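# Secondary and tertiary structure notes
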Amino acid sequence: MSLSRIFAITQRIILQFRRDHRSLALIFVAPILVMSIVGYVFRAQENGVTKVALVNEDKLAAGQTSLAGPLIEDLKGNTNLAITELSRGAAEQAVRDGEQQVAVIFGSDFSRELRAGHKGVIQTVVEGSNPSQASGALTAVGQSLAGSAGTVMRQVLPPALAQVVPQSVPLQVETTRLYGSANLTMLDFFAPMFIAYIGFFLIFLLTSVSFLRERTQGTMERLSASPVTRLELVLGYMLGFGFFAMLQAVVMLLFTIYVLQVKYSGNLLSIFVVTGALVLGAVNLGILLSAFARNELQAIQFIPIVILPQVLLSGLLWPVQQMPAWLQAVARLMPLTYAIDALTAIMIRGESLLATWLPLFVLLGFAAVMALLAATTVRREVA
Amino acid sequence: MAMVGELKEESMPSDMEAAVEATELVKQFGEVRALDGLSLSIRRGETYGLLGPNGSGKTTFIRLIAGLVRPTSGTLRVMGYPVPAQVDRVLPHLGYMTQLQALYNDLSVWEHVQFFARIFDLRGARKDARVRETLELVELLARKDSPVSTLSGGMKQRLSLACTLVHDPQLVLLDEPTVGVDPQLRQQFWGYFRRLNERGVTIVVSSHVMDEADRCDRLGLIRYGKLLAQGTPDELREMGGSRNLEEAFLTLAASRSPEEVTV
């Protein structure tokens with residue numbers, strides 16, 4: 001094995017990229033774009049204000065105060081809610097159109113029923129096709145109403161009893177967090193996963209297509225008639241694309257930490273090492289699979305097989321430990337599962353690289369096995 | 001580089017040995033028999049032309065010499081070494097120009113030739129000197145910083161040749177090097193080949209252009225994966241009974257039908 005031949009291939013790849021502006025953009029601009037969108041969306045969710053259409057049809061007998069009044073005042077005072085007063089028809093239409101997330105309707109006999117000792121019904125209308133959004137909106141409204149219920153009760157009840165009613169409904173949830181803190185946001189939680197996905201996906205895509213091109217444009221034939229061995233070729237590629245993958249990881253990490261202000265507790269260098277181990281595997285997997293494609297389209301066709309299952313199973317949507325046993329077994333075969341394990345351990349729980357040795361070891365092992373498999377598929381006999 | 005020296009000085013078999021010695025070579029690709037018992041010998045330092053129609057087995061033979069395919073049966077010795085068994089000993093001294101213009105478009109001319117110099121283990125000052133010499137030979141030195149993608153077709157072909165020659169190979173395989181090349185450039189190419197030949201380099205060139213064939217020291221006519229006839233251009237003209245090489249070739253091809261040759 002000749003190091004100088006390996007470096008010749010590595011240097012060639014780096015030189016080629018200098019003039020290949022599209023690929024450079026794919027490596028450095030695309031991740032920033034995706035992370036920006038992810039960051040923006042998650043941040044918007046965090047500071048999310050629920051839009052409420054308010055319909056007040058409460059009819060009052062002469063001389064009575066509205067019991068809906070204090071509830072409405074309280075809704076309006078809630079900074080998590082944006083209240084617009086509308087007629088019933090307009091409110092329903094607005095919810096249907098998605099302009100308002102929820103309509104809160106006080107019927108015409110709200111005060112009367114309540115005074116008569118019956119249930120006061122507050123109607124809420126949600127669009128409902130997105131269950132999580134609907135329940136989010138209802139929760140926001142429900143919390144606000146529960147908060148002001150006491151005030152209303154006091155107005156209805158005779159003064160003597162009203163003293164007993166607490167200021168607000170005595171419901172409080174106390175949560176204990178083992179890791180992170182109350183201000184650990186959704187974005188902080190998902191950032192490590194997205195770093196892993198984007199790195200793996202882009203580098204895999206780029207390597208498999210580049211290596212495939214080596215075959216289709218005939219340069220592989222020339223390299224095969226030179227002293228370069230198969231393993232030298234694969235290692236040269238691994239270092240060349242690994243170089244760009246590492247740069248990409250640096251850019252992506254700096255962007256998420258300093259621009260998106262994602263909080264992390266572990267060591268920055270540890271995060272970088274894990275990302276590096278993951279993308280080296282992606283390079284070698286790309287070379288390996290390019291052997292089974294005849295053209296660029298066929299290389300792209302590997303994405304649904306290689307990338308999507310990893311996105312679904314490696315912990316982004318559901319924690320691996322909560323999946324059915326057989327799916328867990330499948331997830332345990334995927335490098336992204338280990339990368340996310342290690343990255344969340346380091347970034348959120350602040351663990352050291354030593355503590356995450358197992359997933360790191362698996363990632364490096366994956367890269368090594370893929371390199372050897374790739375070398376066996378790069379045949380002398382190109383036929 | 002150490003290996004290059006070693007091979008040249010001691011372990012290179014005697015000069016008397018043929019550059020390429022093929023005996024009863026057969027190569028079967030599935031149903032297709034690309035080579036069907038080809039036997040021929042190419043001397044050191046000569047320019048040997050492989051003539052034959054498309055699909056006659058010329059490219060397969062060249063790829064066998066480069067160790068890119070394994071013969072189904074028969075033996076092949078290249079520069080004294082059995083191929084593909086010991087092709088690793090041959091490759092450092094072999095220059096192979098493929099039919100396809102196989103180039104990296106995103107490199108500059110200099111970077112491109114330098115890459116090939118480096119994978120053939122040239123380093124440092126010697127590498128730079130060889131890259132320069134080779135670019136001078138193919139008259140591309142003035143364009144050394146141009147990206148390959150900006151070169152004309154003829155320039156690309158010359159660059160491709162430079163990459164084949166940069167490591168100063170002893171045996172050069174050229175698979176239809178002048179296909180799609182204008183007459184002037186073809187003239188130029190044969191000028192380069194002549195100069196290599198003068199330095200003792202063995203050249204194996206496949207072609208189906210007859211005026212090129214005339215410039216070779218010896219020719220082998222290949223058809224249906226077999227050697228139909230072999231000799232100097234003049235000998236072949238005599239055999240074919242025509243002063244025109246193309247006519248001679250057609251006569252020879254017709255007079256020796258595959259059935260006849262098989263006997």
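Residues numbered from 1 in each chain as written. Chains lettered and ligands numbered in written order. Predicted model: local features only at pLDDT ≥ 70, side-chain atom pairs only at ≥ 80, totals over all residues.

### With respect to the overall build of chain B
Of the regular secondary structure elements, chain B holds eleven helices and ten strands. For 263 residues, the compact-globule estimate of 2.2 N^0.38 gives 18 Å, and the C-alpha radius of gyration of chain B, at 19 Å, lies within 12% of that figure. Taking the principal axes of the C-alpha coordinates as reference, chain B spans close to 55 × 40 × 35 Å. Expressed as a percentage of the 263 residues in chain B, the buried residues total 45%. Taking the intrachain contacts of chain B between residues at least 6 apart in sequence as the baseline, contacts between residues at least 24 apart amount to 66%. (Helix = DSSP H or I, 4+ residues; strand = E, 2+ residues; numbered from the N terminus. Rg over C-alpha atoms; globule rule 2.2 N^0.38 Å. Buried ≥ 20, exposed ≤ 12 C-beta atoms within 10 Å, placed from the backbone. Contact = placed C-beta atoms within 7 Å.)

### As for the confidence of the model for chain B
Residue and element names in this part refer to chain B. Considering every residue of chain B, the mean pLDDT works out to 86; 91% of them sit at 70 or more. Within chain B, helix H4 (residues 109-119) carries the highest mean pLDDT (96), whereas helix H1 (residues 2-11) carries the lowest (43). Under a pLDDT of 50 for its full length, residues 1-11 has, in the predicted model, twelve contacts with residues more than four places off or in other chains. Note that pLDDT drops below 50 for residues 259-263; the model gives that stretch three contacts with residues more than four away or on any other chain. Under the prediction, the complex receives an ipTM of 0.85, its pTM being 0.78. (pLDDT = per-residue confidence, 0-100.)

### A few points about the confidence of the model for chain A
All names here are of chain A. Per-residue confidence for chain A gives a mean pLDDT of 83, with 87% of residues at or over 70. Within chain A, helix H7 (residues 159-162) has the poorest average pLDDT of any element, 59, and helix H1 (residues 3-19) the best, 93. When the criterion is pLDDT under 50, residues 166-173 qualifies, and its contacts beyond four places in sequence or with other chains add up to eight contacts.

### Looking at the sheet that holds strand S1 (residues 20-29) of chain B
Two orientations exist for strands paired in a sheet by backbone hydrogen bonds: parallel and antiparallel. All names here are of chain B. Within the open sheet, the four strands sit side by side as S2-S1-S4-S5. Their pairing is antiparallel. A single partner strand is all that each edge strand has here, and the edge strands are strand S2 (32-42) and strand S5 (81-82). In this sheet, strand S4 (residues 73-78) lies alongside S1 in antiparallel orientation, the contact comprising five bridges. Paired with Thr 23 across the strands is Thr 75, a residue of S4. (Pairing = 2+ DSSP bridges.)

### Observations regarding the packing of helix H8 (residues 186-216) of chain A against helix H10 (residues 230-259) of chain A
All names here are of chain A. Closest axis-to-axis distance for the H8/H10 pair is 10 Å, and the angle between their directions is 150°. It follows from the interaxial angle that H8 and H10 lie roughly antiparallel. As for the relative orientation of H8 and H10, their crossing is right-handed in sense. Across the interface between the two elements, Ala 191, Ile 195, Ile 198, Gly 199, Ile 203, Leu 206, Thr 207 and Phe 211 of H8 pack against Tyr 237, Phe 241, Ala 245, Gln 248, Ala 249, Met 252, Leu 253 and Thr 256 of H10. Class assignment for the residues of the contact of H8 with H10 results in twelve nonpolar, four polar and no charged. (Axes fitted to C-alpha atoms, helices over the stretch in contact; angles between N-to-C directions. Parallel < 35°, antiparallel > 145°, perpendicular 65-115°, else oblique. Left-handed = near helix turned anticlockwise from the far one by under 90°. Nonpolar A, V, L, I, M, F, W, Y, C, P; charged D, E, K, R; others polar.)

### Here's the deal with the interface of chain A and chain B
By a widespread convention, an interface's size corresponds to the accessible area lost as its parts come together. In this assembly, 23 residues from chain A lie in contact with 23 residues from chain B. Every element with two or more residues in the side of chain A that touches chain B is listed here: H1 and helix H9 (219-224) of chain A. It is H1 of chain A that contributes the most residues to the side of chain A that touches chain B, seven residues altogether.

### Quick look at helix H10 (residues 245-255) of chain B
All names here are of chain B. Buried residues of H10: Leu 245, Ala 248 and Phe 249, and no others. Projected onto a plane normal to the axis of H10, the buried residues spread over an arc of 100° and lie on a single side. On its buried face, H10 is in contact with strand S3 (47-51), helix H8 (210-213), strand S9 (218-223) and helix H9 (233-240). (Arc of directions from axis to C-beta.)

### Description of the pairing of strand S7 (residues 171-175) of chain B
All names here are of chain B. The element S7 is extensively covered by neighbouring structure, given that five of its five residues are classed as buried. Burial along S7 is two-sided: Leu 171, Leu 173 and Asp 175 and Val 172 and Leu 174, pointing in opposite directions, are all buried. Summarising the sheet, strand S6 (residues 94-97) and S7 pair through four bridges and their orientation is parallel. From the neighbouring strand, Tyr 96 faces S7, where its bridge partner is Leu 173. For S7 and strand S8 (residues 202-207), the ladder comprises five bridges, and the chain directions are parallel. When the bridges of S8 are listed, Val 172 appears paired with Ile 203. As a crossover connection, the stretch from S7 through helix H7 (residues 183-198) into S8 is right-handed. (Right-handed = clockwise from strand over helix to strand, strands pointing away.)

### Quick notes on the sheet that holds strand S4 (residues 122-126) of chain A
Residue and element names in this part refer to chain A. With mixed pairing, four strands are arranged side by side in an open sheet as S2-S1-S3-S4. The open sheet has two edge strands, strand S2 (81-85) and S4, and neither has a second partner. Adjacent strand axes in the sheet meet at a mean angle of 25° when their direction is disregarded. Where strand S1 (residues 50-56) and S2 come together, five bridges link them in parallel fashion. Among the inter-strand pairings, Ala 53 is bridged to a residue of S2, identified as Thr 84. Strand contacts of helix H3 (residues 68-77): S1, S2 and strand S3 (102-106), with the helix running at about 160° to S1, the strand carrying the most contacts.

### Describing the packing of helix H11 (residues 268-290) of chain A against helix H17 (residues 357-377) of chain A
Residues and elements named next belong to chain A. Contact pair H11 / H17: the axes reach a minimum separation of 8 Å and the direction vectors enclose 20°. Here H11 is positioned roughly parallel relative to H17, judged by the angle of their axes. Every pair of crossing elements has a handedness; the one defined by H11 and H17 is left-handed. Mapping the contact onto sequence places Val 274, Ala 277, Leu 278, Leu 280, Gly 281, Asn 284, Leu 285, Ile 287 and Leu 288 in H11 and Leu 360, Leu 363, Leu 364, Phe 366, Ala 367, Met 370, Ala 371, Leu 373, Ala 374 and Thr 377 in H17. For the contact of H11 with H17, the residue count by class is 16 nonpolar, three polar and no charged.

### Section: the environment of Leu 51 of chain B
All names here are of chain B. With respect to the element layout, Leu 51 can be found in strand S3. Each C-alpha atom of the pair Leu 51 and Gly 220 lies 6.0 Å from the other, and the pair is 169 residues apart in sequence. In this structure, Leu 51 is in contact with Ser 207, His 208, Ala 213, Leu 219, Gly 220, Leu 221, Ile 222 and Phe 249, ignoring residues within four places of it in sequence.

### Looking at helix H5 (residues 124-137) of chain B
Residue and element names in this part refer to chain B. Given a rise of 1.5 Å per residue, 14 residues ought to cover 20 Å, and the 20 Å separating the end C-alpha atoms of H5 matches this to within 8%. Taken together, the buried positions of H5 are Arg 130, Val 131, Thr 134 and Leu 135. Looking straight down H5, one finds that the buried residues subtend no more than 125° of arc, so they occupy a single side. For H5, the exposed residues set more than 90 degrees away from the buried face come down to Ala 125, Arg 126, Ala 129 and Glu 136. The inward-facing, buried residues of H5 contact H4 and helix H6 (153-165). Looking one or two residues beyond H5, the residue adopting positive phi is Glu 139, at roughly 60°. (Expected span 1.5 Å × (residues − 1).)

### Examining the pairing of S3 of chain A
Residues and elements named next belong to chain A. Taken across its five residues, S3 has five buried, putting it largely inside the fold. Burial along S3 is two-sided: the residues Val 102, Val 104 and Phe 106 and Ala 103 and Ile 105 are all buried. Note that S1 and S3 share five bridges and pair parallel. By the bridge assignment, Val 55 is partnered in S3 with Ile 105. Bridge analysis of S3 against S4 gives five bridges, and the strand direction is antiparallel. Its bridge partner lying in S4, Ala 103 is registered against Val 125.

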